[in-house]
Amino acid sequence: MLYWLSSLSDGGDFFNLFRYITVRSGGAFFTALVFGFIFGQPLINLLRRKQSNGQPIREDGPQSHILEKAGTPTMGGVLILGALTFSTLLWARLDNPYIWMVMFVTLSFGAIGFADDYAKVSKNNTKGVSGRIRMGLGLLIAAIAGYWAACYQPDDLAYRLAMPVFKDTLINLGYLFIPFAMIVIVGSANAVNLTDGLDGLAIMPVMIAAGTLGVIAYAVGRVDFTEYLDVHYVPDTGELFIFTSALIGGGLGFLWYNAPPAAVFMGDTGSLALGGALGAIAVATKHEIVLAIVGGLFVAEALSVIIQVLYFKRTGKRVFLMAPIHHHYEKKGWAEPQIVIRFWIISLVLALIGLATLKVR
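Residues numbered from 1 in each chain as written. Predicted model: local features only at pLDDT ≥ 70, side-chain atom pairs only at ≥ 80, totals over all residues. Heavy atoms only, no water.

J.: I'd love a proper account of the overall build of the chain, names of residues and values included.
T.: A count of helical and extended segments in the chain gives 16 helices and 2 strands. For 361 residues, the compact-globule estimate of 2.2 N^0.38 gives 21 Å, and the chain sits close to it at 20 Å. Summarising the internal contacts of the chain: among those between residues at least 6 apart in sequence, 74% fall at separations of at least 24. Taken as a whole, the chain presents about 16,200 Å² of accessible surface, with 66% of it coming from carbon and sulfur. Side-chain charges in the chain split into 26 positive and 23 negative, and the spacing between the mean points of these groups amounts to 10 Å. (Helix = DSSP H or I, 4+ residues; strand = E, 2+ residues; numbered from the N terminus. Rg over C-alpha atoms; globule rule 2.2 N^0.38 Å. Contact = heavy atoms within 4.5 Å. Areas by Shrake-Rupley, 256 points an atom, 1.4 Å probe, with all protein chains shown as cover. Lys, Arg positive; Asp, Glu negative; His and termini not counted. Charge placed at Lys NZ, Arg CZ, Asp CG, Glu CD.)

Given below as structure tokens:
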């Protein structure tokens, strides 16, 4: 919205600042951060009044959670999504198709997560919305987003899989690109959802991954940067840097209240939405494979569950003491803050590896 002030102004230096993505990204970050600080505590108070028992705790989970986390309200993802949406609409160019595509995925997955969280707290159990319904809606949203992105990408990139590092390697998937995009977006959403099991565990890796993808989006959206870095040029994706900046600001505002011991959980409202957002940005910027590197922690969490289930069905035995893998380390005696901070470090290292795929000649 503020971008239009620069178009309507008489060319003054102050209003012309709003033409720069970097300036608007900074504005988006601070707006979302302040939003989180202002509305965080009132939202938590409201959620406590509405959720007398807080988020239902898994009976088959670590026993310490039943004592330590019982009564903590959920749906805190509403705070992140509110800050993210308000800040993005205020600072981003609203004629940018990628902004609307990523916002569509984020808010749609957020709505699925909200319905799931509401079902859990209203029924006071951990079942929520049927897994089939969640998966079906998620796949539909992701299919729309994949087609949406392909429609606006250059003809030489649309419906193709770009390989990191090797710019000249493009795999033409044709219409199979849509199912591929569905796997990326839905997989990312559910992987973040599985990671959200300890106070502060998911939100920091999400912010790290978002920051990395935001830098990539800014780079691939500028023809001069793409020539220097030897990556594919995807026009207009630079605007997504504003979205990721708003996500980081909103995430920090939420982390203020989610840091151990958490005053609120993001719930599926936040985890599905943020995971879907990461997947959508990767699809838009043609960096789907890099997402698997940057979000390697989420991949490991999801794989630990898949391996545990498949191995148990086949042998009746478990590979991990408990899945997802962060619970495995809880069972091994690691303290919760120890697990969280070590996983943050792993996320940061993976983000740097992901950035290294941008070759500098």
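J.: Give a description of the pattern of salt bridges that names residues and reports values.
T.: Scanning the entire structure with this criterion turns up 7 salt bridges. One salt bridge in this structure joins Asp95 and Arg93, with 2.7 Å as the shortest N-O distance. Note on Asp95: relative accessible area 43%, which makes it partly exposed. Residue Arg134 is joined to Asp268 by a salt bridge in which the shortest nitrogen-to-oxygen separation is 3.6 Å. Here the residue Arg134 occupies a position in helix 7 (residues 131-152), and Asp268 occupies one in helix 12 (residues 267-285), the gap between them amounting to 134 residues. Judged on exposure class, the residue Arg134 and its partner Asp268 are both buried. In the salt-bridge network here, residues are joined through shared partners; they are Asp116, Lys120, Arg134 and Asp268. (Salt bridge = Lys/Arg side-chain N within 4 Å of Asp/Glu carboxyl O. Buried < 20%, exposed > 50% of the residue type's maximum accessible area, 1.4 Å probe, protein only.)

J.: So what's going on with the packing of aromatic side chains? Residues and values would help.
T.: Aromatic ring pairs: the centre-centre distance and the angle between the two ring planes describe each pair. Applying the stated rule across the entire model yields 12 aromatic pairs. Here the aromatic rings of Tyr218 and Phe241 are separated by 5.6 Å at their centres, their planes lie at 45°, and the arrangement is tilted. Of the two residues, Tyr218 sits in helix 9 (residues 203-220) while Phe241 sits in helix 11 (residues 240-258), which places them 23 residues apart along the sequence. On the accessibility criterion, Tyr218 (16% relative accessible area) is buried. For Arg222, the ring lying beneath its charged end belongs to Phe225, and the centroid distance is 4.4 Å. (Phe/Tyr/Trp six-rings, centres within 6.5 Å; stacked < 30°, edge-to-face > 60°. Lys NZ or Arg CZ within 6 Å of the ring centre and 35° of its normal.)

J.: Which residues make up helix 6 (residues 97-123), and what values go with them?
T.: The end-to-end C-alpha distance of helix 6, which contains 27 residues, comes to 39 Å, matching closely the 39 Å that a straight helix rising 1.5 Å per residue would cover. Here helix 6 starts with a cap whose side-chain oxygen sits 2.9 Å from the backbone nitrogen of Tyr98, and that cap is Asn96. (Expected span 1.5 Å × (residues − 1). Polar contact = N/O pair within 3.5 Å; in protein donor to acceptor, adjacent residues only side chain to side chain.)

J.: Tell me about the packing of helix 14 (residues 296-315) against helix 16 (residues 336-355), and name the residues and values.
T.: Between helix 14 and helix 16, whose axes approach to 8 Å, the crossing angle comes to 120°. Taken together, the axes of helix 14 and helix 16 lie oblique to each other. On helix 16, the residues touching Gly296, Leu297 and Glu301 of helix 14 are Phe343, Ser347 and Leu350. Among the residues making up the contact of helix 14 with helix 16, the classes are represented as 3 nonpolar, 2 polar and 1 charged. (Axes fitted to C-alpha atoms, helices over the stretch in contact; angles between N-to-C directions. Parallel < 35°, antiparallel > 145°, perpendicular 65-115°, else oblique. Nonpolar A, V, L, I, M, F, W, Y, C, P; charged D, E, K, R; others polar.)

J.: Go over the side chain of Thr85 with me, naming the residues and quoting the values.
T.: The residue Thr85 is located in helix 5 (residues 77-91) in this model. Separated by 2.7 Å, the side chain of Thr85 and the backbone oxygen of Leu81 make a polar contact. Excluding anything up to four places from it in sequence, Thr85 contacts Met103 and Leu107.

J.: With reference to specific residues and values, describe the side chain of Thr237.
T.: Its place among the elements puts Thr237 in the loop between helix 10 (223-229) and helix 11. Only 3.4 Å separates the side chain of Thr237 from the backbone nitrogen of Gly221, close enough to count as a polar contact. Thr237 has contacts with Tyr98, Ala217, Val220, Gly221, Ala284 and Thr285, leaving out every residue within four places of it along the chain.

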